[in-house]
Amino acid sequence: MSKILVTGATGFTGGYLCKRLVKDGEQVVAFVRASSNTKQLEDIGVECRVVDIRDPESVNDNFNDIDRVYHIAAAWRSEHADRNEFHRVNVDATRNLLEAAKRADIKMFVHCSTVGVQGDINEPPADEEYRFQPGDHYQETKLEGELLARDYFSKGLRGAVFRPVGIYGPGDTRFLKLFRPVKKGTFVMIGSGKTLYHMTYIDDLIDGIVLVGTREEALGEVFTLAGGEYTTLGELVNAIADALKKPHPKWRIPFYPVFLASIVCDRVCRALGIEPVLYPRRVEFFYKDRAFDISKAKRLLGYQPKVSLEQGLQKTAKWYKSQGLI
Ligand SMILES: NC(=O)c1ccc[n+]([C@@H]2O[C@H](COP(=O)([O-])OP(=O)(O)OC[C@H]3O[C@@H](n4cnc5c(N)ncnc54)[C@H](OP(=O)(O)O)[C@@H]3O)[C@@H](O)[C@H]2O)c1
């Protein structure tokens, strides 16, 4: 029986994807790092192979029985991370996997990009054709990886790209930075609160990824995969407060003084070699619109997000509570 390779299987999205593929009766192989925690994957029957995806030989040696790939692994943005490592993971490893896939003449290569390749969205909602404007080396290397994949697809490798948007749900901890202050009643909105924000509940994203991986209509295409609704940041924090049964946050401070403070803080911390508590990208979250048009995925793939923001936030809050995180 042919096998499906998932990279990034030990992460949030890759882990959910593996669970779904196993449930669908597929045989799943994960390329993992020696340092990765693979227990949950092994428990559900995923075959974990220690493969350094940055090494072409290691990738090739483990590709014989693979006929579909979901390439989810990525070096994530982390302030002050090694720029070269972003390139090695997000570009070089992508090339190694594409090359091995081409050689093995596989049935489908699904490449995970990010809407971050489009940077600031000046005319929301943005569709797949909206211009590129990556804003940091994570986004730059994700764009390079996406364009590389599209180049292979245009030359005959069967594949498609998806770009997720603000993934959340049980298992993710990135949105704790919104849930925690809302729960404690210490949340302060920086700026007007009218900036647009778009979230994607993990189960909806997984449905979308599987559609990209299995529908002929996806071949050679790029899809933005996001939730069914976007809101203002003000509406989002109120919805989080509702999920936590807490009052709606009321405090606001103007954007620009905080933004300037973040620049100073970032520079001082860089000079001292310490992780900044406040940095421009964190503050820009309150200023830059992020809203996306998912009509292409709906039209070509029948993608239809099922989990409302209200339901998704409730499930996430419940999980945070069960883990003692809030
Ligand atoms: N989360 C979002 O809101 C969002 C939005 C847009 C796009 N995306 C994209 O979605 C994908 C998944 O995101 P996520 O949030 O689920 O990520 P995540 O939980 O941080 O997982 C990242 C995965 O990549 C693996 N990885 C990192 N460096 C690696 C390396 N050098 N070699 C092999 N594997 C490596 C990690 O393995 P270890 O377990 O060994 O660390 C982990 O399995 C990424 O491609 C990301 O760019 C995410």
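Bear in mind the structure is a predicted one, so any value in this text is a computation, not a measurement.

## Regarding the site of the ligand
The full set close to the ligand counts 24 residues, and Thr10, Thr13, Arg33, Tyr138 and Arg174 are the nearest of them. Contacts to the ligand include Gly8, whose backbone N or O atom sits 3.2 Å from an oxygen atom. Within the contact set of the ligand, an oxygen atom lies 2.5 Å away from a side-chain nitrogen or oxygen of Thr10. When the free accessible area of the ligand is taken as 910 Å², the share hidden by the protein chains comes to 86%. For the shell around the ligand, the secondary-structure elements that each account for two or more residues are helix H1 (12-23), helix H4 (83-104) and helix H5 (137-154). Taken together, the residues of the shell around the ligand break down into 12 nonpolar, 8 polar and 4 charged.

## Describing the pairing of strand E5 (residues 108-112)
Burial of E5 is extensive: 5 of the 5 residues sit out of reach of the surface. Burial along E5 is two-sided: the residues Met108, Val110 and Cys112 and Phe109 and His111 are all buried. Bridge analysis of strand E4 (residues 66-71) against E5 gives 4 bridges, and the strand direction is parallel. Counterpart to Arg68 in the pairing with E5 is Met108. Pairing of E5 with strand E6 (residues 159-164), which is carried by 4 bridges, proceeds in the parallel orientation. Across the sheet, residue Phe109 finds its bridge partner in E6, namely Gly159.

## A look at the pattern of salt bridges
Charged atoms that come close allow side chains of opposite charge to pair. The full count for this structure, using the stated rule, is 29 salt bridges. With its nearest N and O atoms 2.9 Å apart, the salt bridge here joins Asp67 to Lys107. Residue Asp67 is located in strand E4, and its partner Lys107 is located in the loop between H4 and E5; the two are separated by 40 residues in the primary sequence. Since its relative accessible area comes to 51%, Lys107 is described here as exposed. Several salt bridges converge on common partners, so that one network encompasses Asp52, Arg54, Asp82, Glu85 and Arg88.

## Quick word on the packing of H4 against H5
At a closest axis distance of 9 Å, the pairing of H4 and H5 adopts a crossing angle of 15 degrees. On the basis of the axis angle, H4 is roughly parallel to H5. In this structure, H4 crosses over H5, and the sense of that crossing is right-handed. Of the residues in H5, those in contact with Arg83, Phe86, His87, Asn90, Val91, Thr94, Arg95, Leu98, Glu99 and Lys102 of H4 are His137, Tyr138, Glu140, Thr141, Lys142, Glu144, Gly145, Leu148, Ala149, Tyr152 and Phe153. Its residues assigned to classes, the contact of H4 with H5 shows 8 nonpolar, 6 polar and 7 charged.

About the cut-offs
Residues numbered from 1 in each chain as written. Predicted model: local features only at pLDDT ≥ 70, side-chain atom pairs only at ≥ 80, totals over all residues. Heavy atoms only, no water. Near = heavy atom within 4 Å. Polar contact = N/O pair within 3.5 Å; in protein donor to acceptor, adjacent residues only side chain to side chain. Areas by Shrake-Rupley, 256 points an atom, 1.4 Å probe, with all protein chains shown as cover. Helix = DSSP H or I, 4+ residues; strand = E, 2+ residues; numbered from the N terminus. Nonpolar A, V, L, I, M, F, W, Y, C, P; charged D, E, K, R; others polar. Buried < 20%, exposed > 50% of the residue type's maximum accessible area, 1.4 Å probe, protein only. Pairing = 2+ DSSP bridges. Salt bridge = Lys/Arg side-chain N within 4 Å of Asp/Glu carboxyl O. Axes fitted to C-alpha atoms, helices over the stretch in contact; angles between N-to-C directions. Parallel < 35°, antiparallel > 145°, perpendicular 65-115°, else oblique. Left-handed = near helix turned anticlockwise from the far one by under 90°. Contact = heavy atoms within 4.5 Å.

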